[in-house]
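# Structural overview for review
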Amino acid sequence: MVLCPVIGKLQHKRVVLASASPRRQEILSNAGLRFEVVPSRFKEKLHKASFATPYAYAVETAKQKALEVAGRMHQARAPASASSWKDLRAPDVVIGADTIVAVGAMILEKPVDKQDAYRMLSRLNGKEHSVFTGVAIVHCCSKDGRLDTEVSEFYEETTVKFSELSEELLWEYINSGEPMDKAGGYGIQALGGMLVEYVHGDFLNVVGFPLNHFCKELARLYYPPRPEDLRRVRHDSIPAVDTFENLSDSEAAGADPGQSAKGGRGGEQADGDRSQAPRALDAALNRADSRPRFPTGLLELMDGFKASKVLFTACKLKLFDVLKDQGPLQAVDVARKLSTCAGRTEQLLDVCAALGLLEKTRRGYSNTEVATLHLVSDGEHSLQGVAEYNDAHVWGVFTRLGLAVREGSEQTRGALGAMEEERLSQSRELTLQFMRAKHSLSKLTAHHVATAFDLSRFASACDLGGCTGILARELAQEYPRLQVTVFDLPEVTELSGGFQRGGRQTERIRFVPGDFFKDSLPEADLYVLSRILQDWPDDKLHKLLSRISSSCKPGGGLLVAEAAAEEEGASQSPRLRTLSAGQPRSPDEHRRLLQRHGFQDVRVARAGDLLCVVLGTRAAP
Ligand SMILES: Cc1cn([C@@H]2O[C@H](COP(=O)(O)OP(=O)(O)OP(=O)(O)O)[C@@H](O)[C@H]2O)c(=O)[nH]c1=O
C-alpha cells in the first residue's frame, strides 16, 4: 500500500480537478482521491510551433488550464463577487491535464468533425505514435487577498502502435461517435482498443491521466527532504475540523473549552494556513538534521475529539437520514430541512465531507457509501446507536477521566470504561441507549463470533450479558438444534422485547433476567461471553470466570469473544482500548485465562477485523 498514503496527503485539502474529461475523473476517483470538478475555460490555442517538443506544449496547456480555474475560483470569492463560490474555501490544490497524440512533430488533439477524425486516424494507421499527457499540480495560497501559486508539472509518454486498418473499419469506428472527444480521434479504453497492436508504457496515460507518475510526483512533493526548501515549518493541523474553531455557540464552547485561548483562526487566515504549498512544509518535516519529525499522528490525536463530536452531531441532527432520502442537497436546503443555521450547517457538511462521511459535488452533498451503510438510522448495519450512546453518555464519562485516575473510586471508575456498572444506576433511557449501541455493534460481529468454531456438538448455550439477543439469534440460526438462553440484567431483558424481530428460530431463544455476579447461572452446555470481559477489572473478571467454571459441566464449553490485541503484551488500538476498564489481552493471555479457570483444549480464532474468539472445554474437576 504505497499509494494510499500519497493520495491521503491530499485528503484534508480542497482539491479541484480542472478538467471536463470523464476519464480523468474516473481514474482519480478510483484511486481514492476526493476532489471537485471545475472544468477549465482555457482555450487550447497555444501556438504549437513555438514549443520545442510536443510534450512542452501539453505541459503548458495543462498548466494554463489549472491556473485559469485557480484564478477564477479565487476571484469568485472576492467580496464584490456575486458567485456562489464566495463563501467557500479557496482550493488548496488544482490539477490540470492535457493529453495529445504526436506523430513525429505533429500534434493531434480532439477532432473537430468526422473528416478531421478520419485525417487523424489515417495518420496513425499501421504506425507507432506517442501519447503525451502533461499534468500541472497547482498549490494555491491566499495572501492579503492575492492568489499565490506554486506549480509542479510533469509529463508522461506512452507509445502506441495501430494495426493496419481498412478504410471501412476506420469509418465504422468514426461513425460509432467514439473519436470525437478524444485526442488523436480514438479511445484506447473502449472500441479504439481494437485498433491497437501494442502499448509501451502507462496505459492510463493514454486514457487521459498518468496516475503512476502523478503519485510519484505527490511523493516527491510531500515526502523527501529538499535542503533548499527547508525554510520554515508550519503546523498543518486537521484543517477540516479547524473550521469549527471559532464557533461561538454554547455547545461548541462546551465541547472545546480551550478554543478561545487559541485566538480563533477565521476564514481567510485559516485558508492561508492550510493552503501552503506542501514542499516547504513536508520537506522541512522530513529533514535529516537533529530536529524531531513532525508529530502528525500526535496532532491528529489532539484533534480527534472534534472529529468524533462532528460525527455525533451530524447523527443527532439526522443529517444522514435527510441526505439518504433527499440528497444530493445544497447546504441551505439541508439547513431548511433540519431547521438549523445555514452557515453553521454548511461548515458541518464540509467537515463531514473532509472526514469522508459525505460527498460534495456541484449538485450538493450526499452520503458516502460508509454513511449510507452505517450512519442512516434505519439501516440494517446502522451504527447510529453507538454514536448516540457515545455522545449522550460516554462523552460525559470521559470528561471525568482525570478525576477517575486521581481518585480511582468506584463511582468514577466508569470513566475508564465500566459503562455497564454505571448504567445500572441510570435511567431507562440510558439503558435503552446502551442497548441500542450494543445491538448495533453485535450486528457487526455476531456472525463472525457464531461461526468462528463449529459449535454443533452443544445442545444448549447461555449468552451471559447477551443484551438484545443478536448473538443468540445468530447462534440459533447457525445451529438448528441449539437452545439459547440470553442472560442479562432484569432492566435489560425487560426492554429487549422492543429489539426482537420475528422468525422461526425465536422459539429456541429465551430471555432470563439475572445478574451474573450474584444469581445462579442458567444451565447450559456452552457459556458465551461476547465483549464482556473487557468491561471489568481483574477482580470482577476472575469472579465471573470462576462462577462460570463452577456452573459448567465437564465437557461443556466457554466461548469468549473480545476485542483483539495483536500479540503478547501489545496494547489494543486506542479505538478499542478506550472502551475497556479491563486490561487489553492478547489471544495467548485469553488462552491462559481460560486454562486458569479449568478449561482445556483452548483454541483461538480471529472473528472479522475486530474480535478474537477463544473456545475452551471444561475439564473434569
Ligand atoms: C488517446 C486517448 C484520449 N482520450 C481522451 O482524450 C481527451 C484529451 O483531450 P484533453 O484536451 O486533454 O481533455 P478534455 O477532454 O478536453 O478535458 P479538459 O481537461 O477539460 O480539457 C481526454 O478527455 C482523454 O481522456 C481517451 O479517452 N482515450 C484515449 O485513448
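Thresholds applied
Residues numbered from 1 in each chain as written. Predicted model: local features only at pLDDT ≥ 70, side-chain atom pairs only at ≥ 80, totals over all residues. Heavy atoms only, no water. pLDDT = per-residue confidence, 0-100. Helix = DSSP H or I, 4+ residues; strand = E, 2+ residues; numbered from the N terminus. Contact = heavy atoms within 4.5 Å. Buried < 20%, exposed > 50% of the residue type's maximum accessible area, 1.4 Å probe, protein only. Arc of directions from axis to C-beta. Pairing = 2+ DSSP bridges. 1 Å grid on protein atoms, 1.4 Å probe; cavity = no way out; pocket = protein on both sides within 12 Å on 5 of 7 lines; lining within 4 Å. Points joined across faces, edges and corners; volume = space filled by probe spheres on them. Nonpolar A, V, L, I, M, F, W, Y, C, P; charged D, E, K, R; others polar. Near = heavy atom within 4 Å. Polar contact = N/O pair within 3.5 Å; in protein donor to acceptor, adjacent residues only side chain to side chain. Areas by Shrake-Rupley, 256 points an atom, 1.4 Å probe, with all protein chains shown as cover.

### Here's the deal with the confidence of the model for the chain
Detailed reading of the predicted coordinates is not advisable wherever pLDDT is low. Of all residues in the chain, 78% have pLDDT values of 70 or greater, and the mean over the chain is 81. At the low end of the mean pLDDT range in the chain sits helix H10 (residues 267–274), at 34; at the high end sits helix H6 (residues 203–207), at 98. For residues 410–420, every residue scores under 50 in pLDDT, and the model assigns this stretch 36 contacts once sequence neighbours within four places are set aside. Of the regions scoring below 50 in pLDDT, residues 567–580 engages in 29 contacts with residues more than four places distant in sequence or in other chains. The ipTM, which scores confidence in the relative placement of chains, is 0.98 for this predicted complex, and the corresponding pTM is 0.51.

### Observations regarding helix H25 (residues 587–596)
Taken as a whole, H25 has its buried residues at Pro587, His590, Leu593 and Leu594. The arc that holds the buried residues of H25, viewed along the axis, is 115°, so those residues lie on one side. Residues of H25 that are buried in the fold lie against helix H23 (538–551), strand E14 (557–563), strand E15 (599–607) and strand E16 (611–618). In the stretch just after H25, Gly598 is the one whose phi turns positive, near 90°.

### With respect to the pairing of strand E9 (residues 364–367)
Pairing between strand E8 (residues 358–361) and E9: 4 bridges, direction antiparallel. Its bridge partner being in E9, Leu358 is matched across the sheet by Asn367.

### Comments concerning empty space enclosed by the protein
Applying the stated criterion to the full structure yields 5 cavities of 30 Å³ or more. Of the voids in this model, the largest cavity is the one considered here, and its volume is about 130 Å³. Lining the largest cavity are 15 residues, with Lys438, Ser442, Asp463, Leu471 and Ser530 positioned closest to its centre. Elements with a contribution of two residues or more to the lining of the largest cavity: helix H20 (428–451), strand E10 (460–464) and helix H21 (470–478). Among the elements that make up the lining of the largest cavity, the one with the highest residue count is H20 (6 residues). Residues that form the lining of the largest cavity fall into these classes: 7 nonpolar, 5 polar and 3 charged.

### Digging into the site of the ligand
In the region of the ligand, 21 residues are neighbours, and Ser19, Arg24, Lys65, Lys110 and Val207 sit closest. Between an oxygen atom of the ligand and a side-chain N or O atom of Ser21, the distance comes to 2.8 Å. Separating an oxygen atom of the ligand from a side-chain N or O atom of Arg24 is a distance of 2.7 Å. Isolated, the ligand exposes 600 Å² of accessible area, and the fraction of that covered by the protein chains is 94%. Where the shell around the ligand is concerned, the elements lending two or more residues are helix H2 (22–30), strand E3 (93–103) and H6. At 3 residues, the largest contribution of residues to the shell around the ligand is made by E3. Of the residues that constitute the shell around the ligand, the class distribution is 7 nonpolar, 6 polar and 8 charged.

### As for helix H5 (residues 167–175)
Within an α-helix, residues lying three or four positions from one another point in the same direction, as the helix has 3.6 residues per turn. When we look at burial in H5, the residues that qualify are Leu170, Tyr173 and Ile174. All buried residues of H5 lie within an arc of 100° about the axis, which places them on one face of the element. Counted as exposed and oriented over 90 degrees from the buried face of H5: Glu168 and Glu172. Remark: Gly177 follows H5 within two positions and exhibits a positive phi of approximately 90°.

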